Amino acid sequence: MIPEFEPLREDEIQVLLKSPVYVAILIAGADGKIDKSERREAIDVARTKQSRSREQLAAYYKLVGEKFEENFNELVDSLPSGTDARISAITTELRKLNFILQKVDKNFAVKLIASLKDLAKKIAEASGGVLGYLSVSYEEARLMELKMIKDIE
């Protein structure tokens, strides 16, 4: 187990482990649909995060990566299909982090929030633009700052 998880209940750990999945679905589905290429892009970006994350997050992303694709596909299938309803459901889940992250090491929490925002940005950039690069839709831009997650002070 990751030392930062010690003060947490099992359900809180699950929220933490699924947070990158929720972020990926939130951004990939911002335009109303999640097609096969967006699923692939989100999964590829998440895999990159596993190998290039900050040192303190390496063990966390290793755990996330073990079930990322499985969780991604399950959540896409189980979340509401309507864009607004899906965004609302994901926002509710991500808001849980505001309480959970107060229980863990502050440095870990700050790095995790920054990493989730970086993940959102990378997925947004991967899904559009010239040759698929550096173009973010209005819907993605509105969501990628993850304003539902409060910064740790």
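Residues numbered from 1 in each chain as written. Predicted model: local features only at pLDDT ≥ 70, side-chain atom pairs only at ≥ 80, totals over all residues. Heavy atoms only, no water.

Side note on the overall build of the chain
Scanning the chain from terminus to terminus reveals 7 helices and 0 strands. Sequence-ordered secondary structure for the chain, helices as α and strands as β, is α-α-α-α-α-α-α. A compact globule built from 153 residues would reach a C-alpha radius of gyration of about 15 Å, and the chain, at 15 Å, matches this within 12%. Dimensions of the chain, computed from the C-alpha atoms along their principal axes, are close to 40 × 30 × 30 Å. Long-range contacts, defined here as pairs at least 24 residues apart, represent 80% of the contacts in the chain between residues at least 6 apart. By element, 50% of the accessible surface of the chain is carried by carbon and sulfur atoms, the whole surface being about 8300 Å². Counting 24 positive and 26 negative side-chain charges, the chain places the centres of these two groups 2 Å from one another. (Helix = DSSP H or I, 4+ residues; strand = E, 2+ residues; numbered from the N terminus. Rg over C-alpha atoms; globule rule 2.2 N^0.38 Å. Contact = heavy atoms within 4.5 Å. Areas by Shrake-Rupley, 256 points an atom, 1.4 Å probe, with all protein chains shown as cover. Lys, Arg positive; Asp, Glu negative; His and termini not counted. Charge placed at Lys NZ, Arg CZ, Asp CG, Glu CD.)

Describing the nonpolar core
Y60, F72 and L94 are the most contacted members of the largest nonpolar core, which has 51 residues in total. Looking at this core, the element that brings in the most residues is helix 1 (residues 10–28), giving 12 residues. Setting aside residues up to four positions removed in sequence, L94 forms contacts with S19, Y22, V23, L26, L146, M148 and I149. (Core = buried A, V, L, I, M, F, W, Y, C linked by side-chain atoms within 4.5 Å. Buried < 20%, exposed > 50% of the residue type's maximum accessible area, 1.4 Å probe, protein only.)

A short note on helix 3 (residues 58–78)
Each full turn of the α-helix corresponds to 3.6 residues, which orients residues three or four apart in the same direction. Over its 21 residues, helix 3 runs 28 Å from end to end, which matches the ideal 30 Å to within 8%, given 1.5 Å per residue. A bend of about 55° at F68 is the largest found in helix 3. When helix 3 is considered as a whole, its buried residues turn out to be Y60, Y61, V64, F68, N71, F72, L75 and V76. (Expected span 1.5 Å × (residues − 1). Bend = angle between axes of the 7 residues up to and from the residue.)

Some remarks on the side chain of T91
Looking at the secondary structure, you find T91 in helix 4 (residues 83–95). In terms of polar contacts, T91 uses its side chain to reach the backbone carbonyl oxygen of I87, at 2.7 Å. (Polar contact = N/O pair within 3.5 Å; in protein donor to acceptor, adjacent residues only side chain to side chain.)

A few points about the confidence of the model for the chain
Residues with a pLDDT of 70 or more make up 90% of the chain, whose mean pLDDT is 85. Mean pLDDT across the secondary structure elements of the chain bottoms out at helix 2 (residues 36–52), with 75, and peaks at helix 5 (residues 97–100), with 96. Across residues 129–133 the pLDDT falls below 50, and counting only partners more than four positions away or on other chains, this stretch makes 6 contacts in the model. (pLDDT = per-residue confidence, 0-100.)

Overview of helix 6 (residues 106–126)
Over its 21 residues, helix 6 extends 30 Å from the first C-alpha to the last, a length consistent with the 30 Å expected when each residue adds 1.5 Å. Among all positions of helix 6, only F108, A109, L112, I113, S115, L116, L119, A120, I123 and A124 are buried. The N-cap residue of helix 6 is D105: its side-chain oxygen and the backbone nitrogen of N107 are 3.2 Å apart.

Some details on the packing of helix 1 against helix 6
With their axes 9 Å apart at the nearest point, helix 1 and helix 6 run at an angle of 30° to one another. Taken together, the axes of helix 1 and helix 6 are roughly parallel relative to one another. Of the two elements, helix 1 crosses helix 6, and the hand of that crossing is right-handed. On helix 6, the residues that touch L16, S19, P20, V23, A24, I27 and A28 of helix 1 are L112, L116, L119, A120, I123 and A124. Of the residues contributing to the contact of helix 1 with helix 6, the split by class is 12 nonpolar, 1 polar and no charged. (Axes fitted to C-alpha atoms, helices over the stretch in contact; angles between N-to-C directions. Parallel < 35°, antiparallel > 145°, perpendicular 65-115°, else oblique. Left-handed = near helix turned anticlockwise from the far one by under 90°. Nonpolar A, V, L, I, M, F, W, Y, C, P; charged D, E, K, R; others polar.)

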